[in-house]
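Examining the three-dimensional arrangement
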Amino acid sequence: MLETVLMRERDLGTPARESAQTVVLTIDGFEVTVPEGTSVMRAAAEYGINIPRLCATDSLEAFGSCRLCLVQIEGRRGYPASCTTLVEDGMVVHTETPKLRDLRRNVMELYISDHPLDCLTCPANGDCELQDMAGVVGLRNVRYGQDGANHLDAAKDESNPYFTYDASKCIVCNRCVRACEETQGTFALTISGRGFDSRVSAGQDQPFLESECVSCGACVQACPTATLREKSVIDLGQPEHAILTTCAYCGVGCGFRAEMKGQTVVRMVPWKDGKANRGHSCVKGRFAWGYATHKERVLKPMIRNRIDEPWREVSWDEALNHAASEFRRIQQAHGRDSIGALTSSRCTNEETWLVQKLVRAAFGTNNVDTCARVCHSPTGYGLKQTLGESAGTQTFDSVMKTDVAIVMGANPSSAHPVFASRLKKRLRQGAKLIVIDPRRIELVSSPHIKADYHLQVRPGTNTALLTSMAHVIVTEGLVAEGYVRERCETEAFEQWRAFVSRPENSPEAMEEATGVPADQVRGAARLYAMGGNGSIYYGLGVTEHSQGSTTVMAIANLAMATGNIGREGVGVNPLRGQNNVQGSCDMGSFPHELPGYRHVSDDGVRSQFEADWGVVLQPEPGLRITNMLDAALEGSFKGLYCQGEDIVQSDPNTQHVAAALAAMECIVVQDLFLNETAKYAHVFLPGSSFMEKDGTFTNAERRISRVRKVMEPLNGKADWEITAALSNALGYPMDYAHPSEIMDEIARLTPTFAGVSYDKLERLGSLQWPCNDDAPEGTPTMHIDAFVRGKGRFMLTQYVPSDERSTRKLPLLLTTGRILSQYNVGAQTRRTPNVSWHSEDLLEIHPQDAEDRGVDSGDWVGIRSRSGETVLRAIVTDRVPPGVVYTTFHFPESGANVVTTDSSDWATNCPEYKVTAVQVMRVSQPSDWQRNWSRFNDIQEMLLKARETGGQTVAGK
């Protein structure tokens, strides 16, 4: 049964106000009580009186330009706009009088006189506020005609792949411009011209695609007419029902309304009540969902004996029985631990739970790992050691109460753009910003914001930098002594205080290593310690290092030392990369931990699972993904079940990963497309997209949100059903009628999820764990009165230089990251029009380094490391400092991870993607690896096209 919601969310005209003081007034004879600072329009709307409006919407501050919302206030001259007029005690307001009706009709008449009268064929027909207001005010004729000056012949801008701009239908209400400023913070739109010639302009009267517009969709959502309209609506018509769900891209976890016609998605609209996104979105979540129905999706199960053979399409039963039989054969021949699995951070909590349960209960091993191994495993380790819980401390809303934000090793504008918009809003309100990054990210300087400090740290020296900041805080008496005395372990703190106070840890002593001037380090440390509420947001530029875990602990040390944990506006906040990477960790996807981050050696914990699951579990940790690959090359690891991850493209040292997979006897891949890993597979189980399943995701703020099925699985099964069926084929029964039953099991066995249920999620919208008897409606802010571990624990953070350092032969340091339009390995976004913005991975190189090598923008350059070599197109820019080059990893043919090495974090084996010593030189042809990849890819594509379907091949189709 579809869980539909109203097609149009109610709009109360202006934003809500919070105030301890209330105001009592009378509106149309009704006594109304609202918070001080509320507009007359919203006060009326909250009591069911809807005043006509065009320029006003409750997602934007009042503007007062359309003059349609005029009201009459006793004792006041004229007819003020209700959107910009604030309530006052004793005010008496009339919203409907003969004079107001005449005024509103006259205003509407002027709008319509310069507006196309093509309502029946207009793409906004049925969803047009101008049309609605014409009916509300009772407009029945237009006296002025359309013979005079008008804009009816204004040209359309069709350049953006997702929406059109039809200037002939613009009423210059400014809502799109204000949305770009207030909601998104890009300031890409403006009003050009004056008076009658005023029109919305992107950039400097540029086409939208060529302007600074980031295609977040805020302008489209704000537009009350058909001026800005989704092309999907133009093509498909107005949707007829909507279903709430959660985005399957980054770790922000935006809530969306999937607006549908039957089982066809017409558009995705950000949900106003989504606690993570508050009605905002980015280009990926808003528009890049077409991959779910892309022609390259594989929808039938396939098997083959060797990777040089064509695939053969088979029934689900045959594919699952074949996979089960191969896994049993391998274990009988090579032992219990010769197989394992990888869970997916793109799948739901429930689906991830079942994979780790399959490994432990059906495989009989702990050989399970997840992509968090290669991104945020140091977060789990570092925060567990210091604070006692492997997750961030705050809500995203908390940033609106911060006074000083540190953004370290993260580029929110590209990787977490909805959060970035909220951060930029707070910065425009006056908060201070410290950016710690080798690269000049957009937050360093962009419209209306500028970082107070950009500490352009040398790659690999994060620990040194933070320890030197701690030196300043301790030696200058900036420690929150009372907080530390009450909340933290005294002995550990005193040891840490003595350690960071050493002269060798001063900013001056560390300057040679970090490359950051000592005065900047001292200034940033003082600002963070003395600037009020201090928050730290960090990403993979912190964790993906040989000292990733050490740096996470250094971040926690800074926050504890300054008292910046345990209330709104502060905290330690990892920005998780994939939509459910937090959830995949929570669900027990690591080989040493059962769900809830409890070690497999704990007899009491293990016995609970054994009683519930009816099996004996292994007390020893299993293999990490790096161990699995090494064991495969050694000959002891033979079989892998890979759910929704593409380790050949995403993991470091690509050639090592590929060789390990080639050495295995049975690889089962469950995914949407024949990705790079699936090209080494023997069984392909077609996965389902987030739109084809029910479940939950957990975002970076520990928020558990519902994922709802909006269409039936095109492959016939949701991912949880596939895993359960594989377990049944292996002889371990999994019998669930619905994912809600899996969540009931999660709640039964995981203390932090004990109070979570689908019924509660339906009632509250979302929940932040811990959710249990102590916090029945969740925990927005962690560590309020005490740390989860009791007393906070300071850890010593001795700087140890990375083995990956520049040399005479490899003089540059390569670091990697993401770009706004693409996501992770690009399997989803590359199959959407997002390639209009970014169709290849580029190598950023500083002008000085480029000049030394005779390289210009657009040239092909070879990048060589001790692991391998690839070729990319260069872009010369001073966004990177001399000695550093940067690229993304969204396109498989680029081979960015061919050059990344096996260097990894000392505690978790998280790869050191962010520091690779390389040489760059101008070249004229692809690398040997790229030529080999191209040949292998062509063969695998041919084998897929030639697959047998019921005795017939599909070659040439």
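The shown structure was predicted, so the numbers you read here are calculated from the model rather than taken from an experiment.

A word on the overall build of the chain
A tally of helices and strands in the chain yields 30 helices and 40 strands. The C-alpha atoms of the chain give 29 Å as radius of gyration, which agrees with the globular expectation for 957 residues (30 Å, within 12%). In terms of overall dimensions, the chain has C-alpha extents of about 90 × 75 × 65 Å along its principal axes. The long-range fraction of contacts in the chain, counting pairs at least 24 apart against all pairs at least 6 apart in sequence, stands at 73%. Total accessible area computed for the chain in this model is approximately 34500 Å², and 48% of it derives from carbon and sulfur atoms.

Notes on the nonpolar core
Counting 68 residues, the largest nonpolar core has Phe 163 and Leu 228 as its most contacted members. The dominant element in this core, judged by the number of residues it contributes, is helix α12 (residues 417–428), at four residues. Leave out the neighbours within four places in its chain, and Leu 228 touches Phe 163, Thr 164, Tyr 165, Cys 176, Phe 208, Cys 219, Val 220 and Cys 223. Judged by nonpolar contacts, the second largest core, of 65 residues, contains Trp 316, Ala 362, Trp 613 and Met 743.

Some remarks on the pattern of salt bridges
Throughout the structure, instances matching the rule amount to 62 salt bridges. Between Asp 397 and Arg 422 there is a salt bridge, with its nearest N and O atoms 2.5 Å apart. Here the residue Asp 397 occupies a position in the loop between α10 (377–386) and β18 (404–408), and Arg 422 occupies one in helix α12, the gap between them amounting to 25 residues. On the basis of relative accessibility, which here comes to 23%, the residue Asp 397 falls in the partly exposed class. We note a salt bridge from Asp 902 to Arg 866, for which the minimum N-O separation is 3.5 Å. With Asp 902 in the loop between α29 (896–899) and β38 (916–922) and Arg 866 in the loop between β35 (860–864) and β36 (869–876), the pair connects residues that are 36 residues apart, well separated along the chain. Look at the salt bridges and you will find they share partners, linking Glu 9, Asp 127, Arg 229, Glu 230, Arg 257, Glu 259, Arg 267 and Arg 286 into a network.

Overview of the sheet that holds β35
The strand order around the closed barrel formed by six strands is β33-β37-β34-β36-β35-β38, and the pairing between neighbours is mixed. Direction aside, the axes of adjacent strands within the sheet are offset by 45° on average. Sheet topology note: the strand β34 (residues 842–845)/strand β37 (residues 884–888) ladder contains two bridges and is antiparallel. Across the sheet, the residue bridging to Glu 844 is Tyr 886, located in β37.

Concerning the sheet that holds strand β31 (residues 703–707)
Taken together, the three strands give an open sheet; going across it, the order is β30-β31-β32, and neighbouring strands pair in antiparallel fashion. In the strand order of this sheet, the two ends are held by β30 (695–698) and β32 (766–768), each with one partner. Direction aside, the axes of adjacent strands within the sheet are offset by 30° on average. Where β30 lies against β31, four bridges are found, and the strand directions are antiparallel. Each residue of the ladder has a partner; that of Phe 697, found in β31, is Ser 705.

Considering the layout of surface pockets
Taking a probe equal in size to a water molecule and rolling it over the atoms shows the remaining empty space. Empty space within the second largest pocket amounts to approximately 920 Å³. Mapped onto the lining of the second largest pocket, the elements with two or more residues apiece are α11 (412–415), α12, β20 (445–446), β34 and β37. The biggest single contributor to the lining of the second largest pocket is α12, with four residues. Grouping the amino acids of the lining of the second largest pocket by side-chain chemistry returns 14 nonpolar, 15 polar and seven charged.

Some thoughts on empty space enclosed by the protein
Tallying each qualifying case throughout the model produces 13 cavities of 30 Å³ or more. Its volume calculated, the largest cavity comes out at about 420 Å³. Around the largest cavity, the lining comprises 30 residues; the ones closest to its centre are Gly 409, Ala 410, Gly 541, Thr 816 and Lys 914. Contributions of two or more residues to the lining of the largest cavity are made by α11, α18 (540–543) and β33 (812–817). No other element matches β33, which puts three residues into the lining of the largest cavity. Split by residue class, the lining of the largest cavity holds twelve nonpolar, 13 polar and five charged. The computed volume of the second largest cavity comes to approximately 220 Å³. If you trace the second largest cavity, you find 18 residues lining it, with Val 374, Glu 544, Arg 818, Asn 824 and Phe 889 closest to the centre. Residue classes in the lining of the second largest cavity are distributed as seven nonpolar, six polar and five charged.

Quick word on helix α19 (residues 548–561)
Between its terminal C-alpha atoms α19 stretches 20 Å, which fits the 20 Å expected from 14 residues at 1.5 Å a residue. Most of α19 sits out of view: 14 of its 14 residues are buried. Gly 563 sits one or two positions beyond α19 and adopts a positive phi of about 70°.

Remarks on the pairing of strand β7 (residues 163–166)
Residues Phe 163 and Tyr 165 line one face of β7 and the alternating positions Thr 164 and Asp 166 line the opposite face, and both faces are buried. Strand direction decides the pairing type here: strand β6 (residues 156–157) and β7, joined by two bridges, are antiparallel. By the bridge assignment, Asp 157 is partnered in β7 with Tyr 165. Two successive antiparallel strands, β6 and β7, enclose a turn made up of five residues. As defined by bridge partners, β7 adjoins strand β10 (residues 228–230) across three bridges and the pair is classed as antiparallel. Bridge pairing links Tyr 165 to Leu 228 in β10.

Quick notes on the side chain of Thr 797
You can see Thr 797 is positioned in the loop between β32 and β33. On the accessibility criterion, Thr 797 (2% relative accessible area) is buried. A distance of 2.9 Å separates the side chain of Thr 797 from the side chain of Thr 467, its partner in a polar contact. Not counting chain neighbours up to four residues away, the residues in contact with Thr 797 comprise Thr 463, Thr 467, Phe 499, Thr 550, Met 553, Ala 554 and Asn 557.

Regarding the environment of Gly 639
Here Gly 639 lies in strand β27 (residues 639–643). With 353 residues separating them along the chain, Gly 639 and Arg 286 place their C-alpha atoms 38 Å apart. With residues near it in sequence (within four places) discarded, Gly 639 still touches Phe 327, Ile 330, Ser 338, Ile 339, Gly 340 and Cys 666.

Quick word on the environment of Phe 690
Within the element layout of this structure, Phe 690 appears in the loop between β29 (683–686) and β30. Sequence-wise, Phe 690 and Lys 231 are 459 residues apart; in three dimensions their C-alpha atoms are separated by 22 Å. Contact partners of Phe 690, with chain neighbours within four places excluded, come to Thr 245, Thr 246, Cys 247, Ala 248, Met 268, Tyr 291, Phe 697, Val 707 and Arg 708.

Focus: the side chain of Gln 768
With respect to the secondary-structure elements, Gln 768 resides in strand β32. For Gln 768, the side chain forms a polar contact with the main-chain oxygen of Glu 701, separated by 2.7 Å.

Focus: the packing of helix α4 (residues 175–184) against α12
Any two packed helices are characterised by the angle at which their axes cross and by the distance between the axes. Where α4 meets α12, the closest approach of the two axes is 8 Å, and the angle between their N-to-C directions is 90°. Classified by the interaxial angle, the pair formed by α4 and α12 is roughly perpendicular. In this structure, α4 uses Glu 181, Glu 182, Thr 183 and Gln 184 to contact α12, whose residues at the interface are Ser 421, Lys 424, Lys 425 and Arg 428. Each residue belonging to the contact of α4 with α12 can be placed in one class, and the counts come to no nonpolar, three polar and five charged.

Cut-offs used in this document
- Per chain, the residues get numbers from 1 upward, laid out in the order the sequence is written.
- The model is predicted, so local features are restricted to residues of pLDDT at least 70 and side-chain atom pairs to those at 80 or more, both for listing and for counting; the totals for chains, interfaces and linings are taken over all residues.
- Computation of side-chain values covers all heavy atoms of the structure but excludes hydrogens and water.
- Starting at the N terminus, helices and strands are each numbered in turn, a helix being any DSSP run of H or I of at least four residues and a strand any DSSP run of E of at least two.
- Here the globule rule reads 2.2 Å times residues to the power 0.38, and the radius of gyration is calculated from C-alpha atoms.
- Contacts are residue-level and defined by heavy atoms, with any inter-residue pair within 4.5 Å sufficient.
- Here the Shrake-Rupley method, with its probe set to 1.4 Å, supplies the accessible areas, and only the displayed protein chains count as covering residues.
- Nonpolar core, defined: a set of buried Ala, Val, Leu, Ile, Met, Phe, Trp, Tyr and Cys residues in which side-chain atoms within 4.5 Å join the residues together.
- Only protein chains enter the calculation, and the probe is 1.4 Å; a residue is then buried if its accessible area is under 20% of its type maximum, exposed if over 50%, and partly exposed in between.
- Any carboxyl oxygen of Asp or Glu that lies within 4 Å of a side-chain nitrogen of Lys or Arg is treated as forming a salt bridge with it.
- Strands are labelled as partners when DSSP assigns at least two bridges between them.
- Angles here are taken between N-to-C directions and fall from 0 to 180 degrees, while the axes themselves are lines fitted to C-alpha atoms, restricted in helices to the stretch in contact.
- Here the term cavity refers to a set of points on a 1 Å grid, laid over the protein atoms alone, in which a 1.4 Å probe fits but cannot get out; the term pocket refers to an open set having protein on both sides within 12 Å along at least five of seven lines, with lining residues being those that place an atom within 4 Å of a point.
- Grid points are joined across faces, edges and corners, and a volume is the space filled by probe spheres set on the points.
- Here the term charged refers only to Asp, Glu, Lys and Arg, the term nonpolar to Ala, Val, Leu, Ile, Met, Phe, Trp, Tyr, Cys and Pro, and the term polar to all other amino acids, Gly among them.
- Under the convention used throughout, the expected extent of a helix is 1.5 Å for every residue step, that is, one less than its residue count.
- Under the rule applied, a polar contact is a pair of N or O atoms within 3.5 Å (in protein, one hydrogen donor and one hydrogen acceptor; residues adjacent in sequence only if both atoms are side-chain atoms).
- Angles are sorted into four bins: roughly parallel if under 35 degrees, roughly antiparallel if over 145, roughly perpendicular if 65 to 115, and oblique for all others.

Geometric descriptors of this kind do not, in isolation, establish any biological role.
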